[in-house]
Structures are given as structure tokens and as C-alpha cells.
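Structural features, examined
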Amino acid sequence: MRFGVFLTVLFLYTSLFAQSPQIHEKYAQSKYCAACHPEQARDWKTTWHSKSHTSQNILYKKTLEYMSKKLYKDTQKLSVECAKCHNPRISVKKVNKNFLLSKAFGVENKDTKKVKKALNTSYLKEGINCIVCHNTDKISHSHDLLKRGFDAVEWGPNHVMVGPFDSERTNYHKSVKRDHFNENVNRLCFVCHYGGENKYKLPVYTTGAEYEEANSTKKCADCHMSERRKGIIAPHIKKEGVLTVEREIRSHLFAGVRNSDIAKSAFDMSLKQEDKALTVTLKNKTPHKVPTGYGGRALIVEVVYHRGDNVVDRLSKVLDVTFADQHGKKTIPYLAKSIKDDLRLKPNEIRTLRFDLLGDSDKAIVTVWYQLVNDDLKNMLEITDPIFSKKYEISQQTIKLNYKRVTMNVKQRLKLLAMLSLVAIISLTLANIYKEYRYSAKLKTVENLISFSSQISTVMDQVQNERSISAVYIQSHGELLVEELDIQRKRTDIEVSNFKTLVKGYEGTVIQEDITTIQSVLKKLVGVRSKIDRHKLTFEQMIAYYESINIPILHIIAFNAEISPAGTISKDLSAYYFLLKAKEIASKQKAILSASFVSENFTSETFDETIALIAKEQSYLDVFENLAPHELTKIYKDEDTFRVFQDSYSFSQDAMKSAKEGNFDIDLETWFGMITKKSEIFQEIDQKAMTKIAQDIQHTPSLALYSAIAGILFLLLILFVIHGINKEISKRIHSFDWIIEQDKA
């Protein structure tokens, strides 16, 4: 209930939702269509179109939840954004500010109820149902990956169904003919299936673009629905005045690997034995990549080697696309900043894969499997549903192999076994030594950077103080805090001077880019101060400048957590990073509110910004609370600490109320005392966090030297044992050979 004080103000905002034309209940759900068109409805129910809503698709649901966690965005907001294609007849196109604030503070109002209702209407839960495609009156085809779904279509009247035929009015609806159901049928598919991109402008699926690059004349419907055939579109209609005409119709299966054998005809496969390799040649016969669409799909080419009826070994290659985040780590397509590898078959591509040939196998069975979600994403999203966890077989061939058995005598085999064991032990030992040395080197780097971060955080503190005082000075037109500003600038200058001396020892290191950024921004400090003194700098420009100093400082802290090899230290550093983020937001809030209170001008815009800052601050503190050790979180959870944070939030509501009543009577002394106490709390946690991290590093000893000594001793022991065993084996074999010779004599 921490944010309860804002509830009365939140309701001042009005809803700004964009609307879709309402669908009449008579045409909203597929069950009404199925009465006349049972075959089409039956096929449609097997498709992904019928499962494009979160309630019907666990992959979609899990993806939204994962994105919500990673982006700190509300799941319902993401659902509305993705509904552009997943549920294009949704009545809400965009959520407003009031919805976001209400969700952030955990309250329910008319806006949150409206979104919830829109996302859970009965026809929306059916996904891409009949009314979506067959009420699409016009299509605005574009190569813009963002202009998709409901942004690319115009809906027709409720009672008019669009299709490939013109016909008289039936007893239920009117039918009209549109070109996008005939010659330009691909345009209807490309409303959603052309492509899409994420927030980094990275294409995450490009089926339509792939098709265009292939210069194909084939229609999507020819493969994924069917070739046209003679049939009756509404076989059960026998009422007077309605003709049951035989026409050219298509299946509404929208075929995929899950509900058809379409993938079996997608490519040709041939096998060949070449010297020491088995080659598998695949030819993609489709005008798009295989697999295409959702970026988590994969082909798996698996080779199972047999000797008689026994399985000798299994080898496989995965043909999929790997998406990477800003740190180069694997992620889901919608959060990726780059594509690391795209191994999918291109349109009309012929590709040959080579597999090592095993010498004691006489047969190989090659199977191509299709995965709806590859293993990496399946584990990332924690998906266990059988639909997504299984592998779909789409092709299998067997090839007989010629092999040559290699034989060795007993002594050779024993020597080979000994040598392999020795190589394995040496490799493991050296790898362990190298690992420990790398661990020690990284730990030393982190230790140096933490020492550096601890010292430059004092620069951040003084910059934050100067920003707040400058804010009051600007908004009071140079009448308040004149002496205090001069004193604070001198304090800042001392820390900046120390920083300039300190960074000389870190030039050319991994944080050089951030250091250069800080140095570049600090060079402008004198000029910025001069403009403040001459009233030539706006309040917004001043806030932005001081913030630009602190951002790269925060980045250095985050980098420490990223490169730390020790889990405990990484966790502590991550907690410390989010604490400093919250501290920076609180400092910015202090500057903005202090300036508003001084100028007695607390506007709706200021209130909007304050709420956004409070929400950010709270989210960072929540993460800090989850990561930080108990000795740090107990300071934050203290009853007096909570009261200070609560009072600072209450001041914003009081200010807004006073401003609306025209009686601005905020007690500045109380405000500054309270906000100063809040800064002191942040500072206390800051200092204790750095102490805790330093202690953890001291208690994380380097094992590199001990590992090296132990490894060398172990190697010597193994060499001695192997030498003894080899000598004994040679002796026994020699004795055995002598006995045989005697028997022959």
C-alpha cells in the first residue's frame, strides 16, 4: 500500500484508448460459421490460427511472461502490443498512461478493467477466427515491418463476409468478392506473416520478405491450404431461395508440421558415402526459409550408425537461428540485438552436411526432425508442453555403409588405452589450472574496478548534490542557495580533481570507453556552471547534463557484476548497481521536486514525471531487496526508513493538491530535512554494500597456485603408475610369448 497516496490523483486521467469497430455477436465466434461451413471450421480448429491467444498457446503465454520480466513491462500491455497480429480484432489498440500507472501501483480502475475485458472477449480467445480473414475489406500492403496486423487492414461491415466469390445475400450474411482472395491472396497472408521486428529494429521473422527475395510466383494458399478443388461451401444449406452451388474451394487446414505432412514435401534428401564421411544433401523446394516464421523453430538432421542390430553412435546437426542479446548471450528473438548464426535452409538452397563415418558401422539411418521450439528457447521459457517438446519426423532414409575394421594386438591396445588416459588426464589438469588462473585474473580485475568504483562513486554523490542545489538556484532565479551552490561546487571540484588523478592508472583498461565519456562530459562543467550563473541554461538542460555524468559511472558498476567470476560477488555487485540506480532516480526526483516547491509551480507534467521516477525507483529497490544480503536489506526495511520514503511520496500528492487549490503552502524546511534523511539512508546502504563486497573478495582466495602444484604432482604420479603398468604388461606378454615358443618346440 506504499503508493496508496496517489490513488486519488491517478483517477484524474481520462482514457485515451483507440477502438476497433465492435463485432456483432452474430458473427463473432466460429460456432456460428460452423453451422453452415462445418468442413472449414473443423480444419481451422487444428491450426495455430485458432490458438493465437494466450489462453490457447502456452508458448505465446510463456514468451510474454519472459519479456515482462526482462523488460519490466506489464504482461497485459505486451499482450495489447502483440495483439496487432495475434488478435487483430481487439477493441483496445493502445494502453494509456493511467493504465500503466495503475498497474505499476497495483490498483484496479476503469482503464485496467477495460484492457482486461478486451483481452478476454470470447471471440478474441478464438485467435484468428473466421471474422478476421473474411471481414478484411481492404489491405494496405507495405514493406514496413511495423505496419502489420490491424495497422494494414480495413474491416468491412459486420454482415458482409469477404471471399473469392460474389453471391446473393444468404439467410445469414452477404458475400462480396475481393482480389486478395484470388490473384493477390499472398497479401492477405502477409498482413501478419510478412515479417516483424523488435525494439532494436532487428527482424525476428521474415517469411514474406524471404518469399519476395525468392522471386516465386507460388501462392501461400496452394501449399498451406490446398489446391482449389470442386466442392460445396455450405453443404447443409437446403433452405428455399438459397442455391447449393458447387464451386472451387480450398481446405482451411493452414497446414503445418503439427497438423499435416506438408514438411515432407518441403525438401528432397539424398545420402552418399564419401571416403571417411557420410554426406546428407538437402534441397529446399519452398520459396522461404526452412524453418521459417517464429525464430525458435529448428530442423535436426540426425544420423544413427548401426552395426547389425546394434546402435553404434548418434550424430546430429541443428539448423536454426541463434539470437543474441546486447551481451552476446542467447535470448528469445523479441529481446535480441543481433543474430549470431542463421543455419536455416534458404529458399531453393541445396546444402550438403558432412558427418564423420564410423569405421565399425554397416548402416546409417538419417532422420530429419522438426522442432517447433529449439532446446535453448524451450529451456529458457520453461516449456514442457508435449506439442512443443516433441520432435516431428518429416523425412527418413537408410544407407548401407562399407567399412574396414582396424585391428590391433593386445599390447598395442593397452598402450593406446594408456596413452589416451594420459592425454585425457593431462588435458583435464591443464584445463583446470588454466581455469583457476583465469578465475584469479578476473577476480583481480574486479577487485581493482571495485576499488575504482568506490572512489568515483563519491564523484557521483557530489554531482547529485550540485544538481539539486542548482535546481533550486535556477527556479528561484538566482535568489536562493547562492552561497550553498558555491560551496558545493568546490566540493565537486575536489572530487573531480581526484578523479582525474585516479583514472590515469586505468587508461587502456576494459573501462576506457566509460572513462573517456566521463572525461568528455566533465570538460563541459565550467561552461555549464557559467550558463547557470547567467541564467542561460534551462532547468531541463541542467538536469540532463548532470545525469549524463552519472550514467557511465553506473555502467562501470554494472560491468563489474557482469565480469565477476564469483557468484556471491556478482550478486552483491548486481544488488549494489540497482541500489545506485535507485539512488540516482531519488536524487533526480529531489532536484525536480525541490525546484517545483521553490517556484510554487507543481504542474500535471511534473506530477507525471514524479510518478514515473517513483515507479522506477521502487522497481530498482525491489530488485536490490531480492539480491542483497540480509545485513543490507534490514536497513532499507527499517520502520523509520520506510516512514521517510513514505513521507517523500506524500509530499508529491500534497503539492498537487495545493497547486490545484491555488494555495501552495509546502513546508520547504520539512521537505529538505526529509529528503536529506532519505539521501543519508541511501549513503549508509551504499557504504555498507561496498564494505560487504570487499569482504567477500578477501574471503575468495585464489586457487590457481595450489591447483597448479596439485596438478603437476598428480601428473607425475599418473606417469609413474602408467610406466609401471606398461612395464609389467610388457614383461607378462614377453613371458607368455616365451611359453608359446617352448610349447611349439
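See above for the structure.
Let us look at the structure shown here. The model shown is predicted, which means the values in this text are computed figures rather than measured ones. Starting from 1, residues in each chain are numbered consecutively following that chain's sequence as written. Predicted model: local features are reported for residues with pLDDT of at least 70 only, side-chain atom pairs are reported and counted for 80 or more only, and whole-chain, interface and lining totals are derived from all residues. No hydrogens and no water enter the side-chain calculation; it runs on all heavy atoms of the structure.

1. As for the overall build of the chain
The criterion, for reference: Runs of H or I in DSSP of at least four residues are treated as helices and runs of E of at least two as strands, each being numbered from the N terminus. For each residue, the accessible area found with a 1.4 Å probe, counting protein chains only, is set against the maximum for its type, and the residue is called buried under 20%, exposed over 50%, and partly exposed in between. Here a residue-residue contact requires only that any non-hydrogen atoms of the pair lie within 4.5 Å. All accessible areas in this document rest on Shrake-Rupley with a 1.4 Å probe, and a residue is counted as covered only by the protein chains that are shown.
Tallying secondary structure elements over the chain gives 25 helices and 17 strands in all. Counting across all 745 residues of the chain, residues that qualify as buried make up 47%. By sequence separation, contacts in the chain at least 24 residues apart represent 71% of the contacts at least 6 residues apart. Working note: accessible area of the chain is about 39,000 Å², and carbon and sulfur atoms make up 53% of it.

2. A look at the pattern of salt bridges
The following threshold applies: Note on definitions: salt bridges are taken to be side-chain nitrogens of Lys or Arg within 4 Å of carboxyl oxygens of Asp or Glu.
One pass over the structure, following the stated rule, counts 23 salt bridges. Close ionic contact of K330 with D376 constitutes a salt bridge, the shortest N to O distance being 2.7 Å. Residue K330 is located in the loop between β13 (321-324) and β14 (338-342), and its partner D376 is located in helix α13 (residues 375-381); the two are separated by 46 residues in the primary sequence. Overlapping salt bridges, with partners in common, bring together K289, D342 and R344 in one network.

3. Topic: the environment of G308
Relative to the assigned elements, G308 resides in the loop between β11 (298-307) and β12 (310-319). Setting aside chain neighbours within four positions, we find G308 in contact with D362 and K363.

4. Regarding the environment of S451
Mapped onto the fold, S451 is located in helix α15 (residues 410-475). Taking relative accessible area as the criterion, S451 reaches 35% and is therefore assigned partly exposed. For the pair formed by S451 and M690, sequence separation is 239 residues and the distance between their alpha carbons is 9.0 Å.

5. Quick notes on the sheet that holds β11
Which entries qualify depends on this criterion: Strand pairing follows a simple DSSP-based rule, namely that at least 2 bridges must link the two strands. Think of each axis as a best-fit line through the C-alpha atoms, taken over the contacting stretch in the case of a helix, with angles from 0 to 180 degrees between the N-to-C directions.
What the 4 strands build is an open sheet, ordered β12-β11-β16-β17; its pairing is antiparallel. At either margin of the open sheet sits one strand with a lone partner, and together these are β12 and β17 (392-400). Between one strand axis and the next, the sheet turns through 15° on average, direction left out of account. Of the pairings in the sheet, the one linking β11 to β12 comprises 9 bridges and is antiparallel in character. Across the sheet, R307 pairs through a bridge with N310, a residue of β12.

6. Observations regarding the packing of aromatic side chains
Applied cut-off: Side-chain rings of Phe, Tyr and Trp (the six-membered ring for Trp) are treated as a pair once their centres are within 6.5 Å; stacked means planes under 30 degrees apart, edge-to-face means over 60, and tilted covers the remaining angles. Think of it as a cone above the ring: NZ of Lys or CZ of Arg counts as a charge over the ring if it is within 6 Å of the ring centre and within 35 degrees of the ring normal.
Tallied over the entire structure, the rule returns 7 aromatic pairs. Centre to centre, the rings of Y27 and Y172 are 5.7 Å apart; their planes meet at 70°, and the pair counts as edge-to-face. With Y27 in helix α2 (residues 25-28) and Y172 in the loop between β3 (160-163) and β4 (174-177), this residue pair connects regions lying 145 residues apart in the sequence. You can call Y172 partly exposed: its relative accessible area is 30%. Both rings, one in Y545 and one in Y546, keep their centres 5.3 Å apart while their planes meet at 75°; by these two values the pair is edge-to-face. For the pair Y545 and Y546, one class covers both residues: buried. Here the aromatic residues F190, Y194 and Y211 are joined through ring pairs into a cluster of three or more. The residue whose ring lies beneath R89 is W155, and the NZ or CZ to ring-centre distance is 4.2 Å. Just above the ring of W48 sits the side chain of R258; from NZ or CZ to the centre is 4.2 Å.

7. Remarks on the sheet that holds strand β15 (residues 350-356)
Ordered by their spatial adjacency, 3 strands build an open sheet running β9-β10-β15, and the pairing between neighbours is antiparallel. The open sheet terminates on both sides in strands that have one partner only, identified here as β9 (267-274) and β15. Adjacent strand axes in the sheet meet at a mean angle of 20°, parallel and antiparallel pairs treated alike.

8. Thoughts on helix α16 (residues 482-502)
The following threshold applies: By this rule the span expected of a helix is its residue count minus one, scaled by 1.5 Å. Relevant arc is that of directions from the helix axis to the C-beta atoms, nothing else.
Helix length check: α16 (21 residues) gives 30 Å between terminal C-alpha atoms against 30 Å at 1.5 Å per residue, within 8%. L485, Q488, R489, T492, E495, V496, F499 and L502 are the residues of α16 that are buried. For α16, the buried positions fall inside an angular range of 135° around the axis, keeping them on one side. Structural note: α16 exposes E483, K490, I494 and T501 on the side pointing more than 90 degrees away from its buried face.

9. Brief notes about the pairing of β3
Alternating residues of β3 divide into V160 and V162 and M161 and G163, and every residue in both groups is buried. Where β3 meets β4, 4 bridges bridge the pair, whose relative direction is parallel. Bridge assignment links M161 to a residue of β4, and that residue is S175.

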